[in-house]
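Tertiary structure, described
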Protein chains: 2
Amino acid sequence: MEKGWKMKITIYDVAEAANVSIATVSKVINNTGNISDKTRKRVKQAMKDLEYHPNILASALMGKQTKTIGLLIPDLANPFFSELARRIEDRGHELGYNLVICNTDYDGDKEDKYLQLLNQKMVDGFVLASGFEDLEKVEELIKREIPVVIVARDFPMFSVNAVAIDDFMGGYIAANHLMELGHKNIGVIARDLWSNRERLRGFNHALDEHGLKLNKNFEYIMDIHDIDHIYEGREMTKKYLLEDDRPTAIFACNDLLAAGAIQEAKELGFKIPENLSVIGFDNTSIATVIDPPLTTIAQPIESMGREVMDLMVSIISGEKKEKSRVTLLPSLVKRKTTKAFEVTSNTY
Amino acid sequence: MEKGWKMKITIYDVAEAANVSIATVSKVINNTGNISDKTRKRVKQAMKDLEYHPNILASALMGKQTKTIGLLIPDLANPFFSELARRIEDRGHELGYNLVICNTDYDGDKEDKYLQLLNQKMVDGFVLASGFEDLEKVEELIKREIPVVIVARDFPMFSVNAVAIDDFMGGYIAANHLMELGHKNIGVIARDLWSNRERLRGFNHALDEHGLKLNKNFEYIMDIHDIDHIYEGREMTKKYLLEDDRPTAIFACNDLLAAGAIQEAKELGFKIPENLSVIGFDNTSIATVIDPPLTTIAQPIESMGREVMDLMVSIISGEKKEKSRVTLLPSLVKRKTTKAFEVTSNTY
DNA sequence: TTGAAAGCGCTACCAC
DNA sequence: GTGGTAGCGCTTTCAA
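To start, this report covers the structure provided alongside it. Quick caveat: nothing in here was measured; it's all calculated off a predicted structure.

**Structural notes on the protein's contact with DNA strand D**
- Neighbouring residues of DNA strand D: 25 residues in total, closest Ile 11 and Tyr 52 of chain A together with Thr 24, Lys 27 and Met 62 of chain B.
- Take Asn 30 of chain A: an N or O atom from its side chain is 3.1 Å from a phosphate oxygen of DNA strand D.
- Between a base oxygen of DNA strand D and a side-chain N or O atom of Lys 27 of chain B, the distance comes to 2.6 Å.
- For the surface near DNA strand D, the secondary-structure elements that each account for two or more residues are helix H1 (11-18), helix H2 (22-30) and helix H4 (56-61) of chain A together with helix H2 (22-30) of chain B.
- It is H2 of chain A that contributes the most residues to the surface near DNA strand D, 4 residues altogether.
- Here the surface near DNA strand D is composed, by residue class, of 13 nonpolar, 10 polar and 2 charged.

Following this line, the structure appears as structure tokens:
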């Protein structure tokens, strides 16, 4: 029979060409069983000649891995998440996995749909960078023994695999940096996410240690579905800055929010950092793009991506049986948006 | 037999529960054949009761679609691509498709590897946003009748499905905008990509119409693998601006490059746009983040994503047999980085 | 060291 | 209308 160029070539073709059974071919593909060097060589040659590539779906049907991981992420257009996805994909590629990436927009229904769909597609596991404020679905997965690792979002009192930074510490560092510069009256802008609440908690804790207290007028926790961070950052900043006892510094819980804060402040005639200090969070690429370059709390995005995939693979391979949690440390990246507070600077 | 909570439930379980054959179940799943309402209802109920979800891989083995598309993209961390990926995913989701996203870094070997791998995984088609300066692999796919659509990258003399903007026109618009403002001496910064070369061609064409000519000292085409656009933008800008006959405006072929240009110019003491006009390309979110907000040539990213998936699906479904190419139009988004050139402004 | 054969979960053709 | 059955391409006993 003529093997046309379009014919999909299967294990049978290889077997025929190498004059062995498909069982033998399968064994050399998977390096299992005992095959003599001679046959092995012959089979390999046949595979090469025919440009044979095993159909992964068929083998998955037999219980093998699909070598595909589902990544649920709130919003790829958000630099933090796209950079994280990038890193996870990089490491996945190194380890032989592909990523199905899904945007959830913090929408529970979408999360459900994707989880279910990717399950049907037999992904080997899920990386969840999504909101999942609701633990039910995650528990369901775990009960069904599907590998799950949560990233950038910790569930302190729940037994899941997770990699995240110490958000509390991040907030703590931010506050201390600002206080060291002499700021006492600080405004904060956050989102209604666990991680952001932790950052605030750390922030407040640091304040507390110095006998300071956050002015509730200068605390804003925006709705999770307000997607335009820049706008929100601007609005809040305007509100804060127009008050008589306006803050001398702002802690924004992500870089985008900080960008908005800076834009608005400048537009209102404030000089940054002379009249107002701003500190962000995440250290995404936009921190270096805005002017002045943003002082921010860095999440080690690359390491996070790496750790996530490594953890995932160790779970899949079964070498990690108990749940484990890796916590990375945030760090202060000083750039140009924070400066020592001087009394005179408050009246510009 | 006790159906444990972990048992994977199959079409057989449904058949048993509904007291029909698996053939019948299959028919109600796929809405094929003739099934009486009574049985249909019974089967559906059984599926619901058992929380049955068909194994997509198994049906794919039988020649059905995997409902998964491979997306090859140079770099998810680049805002243009992450925003595009976001839009493609959105539309894919609406149409019932998932996306396997792969970063290629314009690396031919990675492109090959991914193409081959995703092929094994039986994706229904490929969206290529990657470099693919080399057409061979694409031709190979097409010959094998695998649906392919190219995005943000046109192959004018080659018959492929593609959606892209008119890059020539984009460059043309940019040049005209600058010339209308009185600029005659303009520097350009581009990458060594087809799209960028087209933009330059359009740019030069416009110049030509006005009897102007690009000073070759102020033209730079950076290597495709130089990944740090900001840095490159800065370096070139410094070089240009330190010349005696320095340009009064810069056309950067993407927003990141423009961001670098602006940073450097400001650092050298130039006021933007008073002493130097800068125009970018893409209109990514960073255009609104930098200061001053960047005037740029917008690519309609959302429409592009939509068109790409729509085209892909129409190819898969077989309703589009001939190749087709959709060209979207770029548009000028005026913000704050371009301004009329005044003679005095050249000596600040 | 090799191969025959029994599936994996599903679809589709052909009988009844 | 419904069901039996032959695969899809692969892995994995179990015999030879």
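**A look at the sheet that holds strand E6 (residues 186-191) of chain A**
Residues and elements named next belong to chain A.
- The mixed open sheet is built from 6 strands, whose spatial order is E7-E6-E8-E9-E10-E12. Strand pairing shows two members of the sheet lacking a second neighbour, strand E7 (219-222) and strand E12 (331-333), which therefore form its edges. Across the sheet, the mean angle separating the axes of adjacent strands is 20° when strand polarity is ignored.
- Contacts from helix H8 (residues 167-180) reach E6, strand E8 (249-252), strand E9 (277-282), strand E10 (295-298) and E12 within the one sheet, and its direction differs from that of E9 by about 165°.

**Looking at the pattern of salt bridges**
- In total, this model carries 37 salt bridges over all chains according to the counting rule given.
- Residue Asp 105 of chain B is joined to Arg 86 of chain A by a salt bridge in which the shortest nitrogen-to-oxygen separation is 2.2 Å. In this pair, Asp 105 of chain B is assigned in the loop between strand E2 (98-103) and helix H6 (108-120) and Arg 86 of chain A in helix H5 (residues 79-95), connecting two distinct chains.
- For Asp 105 of chain B, a relative accessible area of 22% translates into the label partly exposed.
- The residue Glu 140 of chain B makes a salt bridge to Arg 144 of chain B at a minimum N-O spacing of 3.9 Å.
- Here the residues in one salt-bridge network are Asp 75, Asp 105 and Lys 110 of chain A together with Arg 86, Arg 87 and Asp 90 of chain B, joined through shared partners.

**Side note on the protein's contact with DNA strand C**
- Near DNA strand C lie 25 residues; those nearest to it are Thr 24, Lys 27 and Met 62 of chain A together with Ile 11 and Tyr 52 of chain B.
- In DNA strand C, atoms within 4 Å of the protein come 65% from sugar and phosphate.
- At 2.6 Å from a base oxygen of DNA strand C is found a side-chain nitrogen or oxygen belonging to Lys 27 of chain A.
- Between DNA strand C and Asn 34 of chain A there is a distance of 3.0 Å, counted from a phosphate oxygen to a side-chain nitrogen or oxygen.
- In terms of residue count, the dominant contributor to the surface near DNA strand C is H2 of chain B (4 residues).
- In terms of residue class, the surface near DNA strand C is made up of 13 nonpolar, 10 polar and 2 charged.

**Here's the deal with the environment of Gly 131 of chain B**
All names here are of chain B.
- Residue placement: Gly 131 occurs in the loop between strand E3 (125-128) and helix H7 (136-143).
- On the accessibility criterion, Gly 131 (5% relative accessible area) is buried.
- Sequence-wise, Gly 131 and Leu 72 are 59 residues apart; in three dimensions their C-alpha atoms are separated by 9.2 Å.

**Topic: the packing of H1 of chain A against helix H3 (residues 37-50) of chain A**
All names here are of chain A.
- Here H1 crosses H3 at 125°, and the two axes come no closer than 9 Å. In terms of axis orientation, H1 runs oblique to H3. In the packing of H1 onto H3, the handedness of the crossing is right-handed. For the pair H1 and H3, contact is made by Asp 13, Val 14, Ala 17 and Ala 18 and by Arg 42, Val 43, Ala 46, Met 47 and Leu 50, respectively.
- The class makeup of the residues in the contact of H1 with H3 is 7 nonpolar, no polar and 2 charged.

**A few points about the environment of Asp 134 of chain A**
- Following the sequence through the fold, Asp 134 of chain A ends up in the loop between strand E3 (125-128) and helix H7 (136-143).
- Residues Asp 134 of chain A and Arg 201 of chain A, spaced 67 residues apart in sequence, show a C-alpha to C-alpha distance of 21 Å.

**Topic: the nonpolar core**
- Ranked by size, the top nonpolar core spans 106 residues in total, and within it Phe 251 of chain A together with Phe 251 of chain B carry the most contacts.
- One finds Ile 189, Ile 262, Ile 272 and Ile 290 of chain B within the second-largest nonpolar core, a separate group that totals 48 residues.

**Here's the deal with the relation of the copies chain B and chain A**
- For the pair chain B and chain A, the superposition axis carries a translation of 0.0 Å, the fit reaches an RMSD of 0.1 Å, and the rotation angle comes to 180°. Given the turn and translation reported, the copies of this chain are related as if by a two-fold rotation axis.

**Side note on the pairing of E3 of chain B**
All names here are of chain B.
- In E3, alternate side chains face the same way, and those of Gly 125 and Val 127 on one face and Phe 126 and Leu 128 on the other are all buried.
- Pairing analysis gives 4 bridges linking strand E1 (residues 68-73) to E3, with the strands arranged parallel. Bridge pairing links Leu 71 to Val 127 in E3.
- In terms of strand pairing, E3 meets strand E4 (residues 148-151) through 3 bridges, oriented parallel. Its bridge partner lying in E4, Val 127 is registered against Val 149.

**Some remarks on helix H5 (residues 79-95) of chain B**
All names here are of chain B.
- With 17 residues, H5 ought to run about 24 Å at 1.5 Å a step, and its terminal C-alpha atoms sit 24 Å apart, in line with that.
- When you tally the buried positions in H5, you get 14 out of 17 residues, the bulk of the element.
- Capping of H5 at its N-terminal end is provided by Asn 78; its side-chain oxygen lies 2.9 Å from the backbone amide nitrogen of Phe 80.
- Directly beyond the C-terminal end of H5, a positive phi value near 90° is found at Gly 96.

Rules and cut-offs
- Residues numbered from 1 in each chain as written.
- Chains lettered and ligands numbered in written order.
- Predicted model: local features only at pLDDT ≥ 70, side-chain atom pairs only at ≥ 80, totals over all residues.
- Heavy atoms only, no water.
- Near = heavy atom within 4 Å.
- Polar contact = N/O pair within 3.5 Å; in protein donor to acceptor, adjacent residues only side chain to side chain.
- Helix = DSSP H or I, 4+ residues; strand = E, 2+ residues; numbered from the N terminus.
- Nonpolar A, V, L, I, M, F, W, Y, C, P; charged D, E, K, R; others polar.
- Pairing = 2+ DSSP bridges.
- Axes fitted to C-alpha atoms, helices over the stretch in contact; angles between N-to-C directions.
- Contact = heavy atoms within 4.5 Å.
- Salt bridge = Lys/Arg side-chain N within 4 Å of Asp/Glu carboxyl O.
- Buried < 20%, exposed > 50% of the residue type's maximum accessible area, 1.4 Å probe, protein only.
- Parallel < 35°, antiparallel > 145°, perpendicular 65-115°, else oblique.
- Left-handed = near helix turned anticlockwise from the far one by under 90°.
- Core = buried A, V, L, I, M, F, W, Y, C linked by side-chain atoms within 4.5 Å.
- Least-squares fit on C-alpha atoms with pLDDT ≥ 70 in both.
- Expected span 1.5 Å × (residues − 1).

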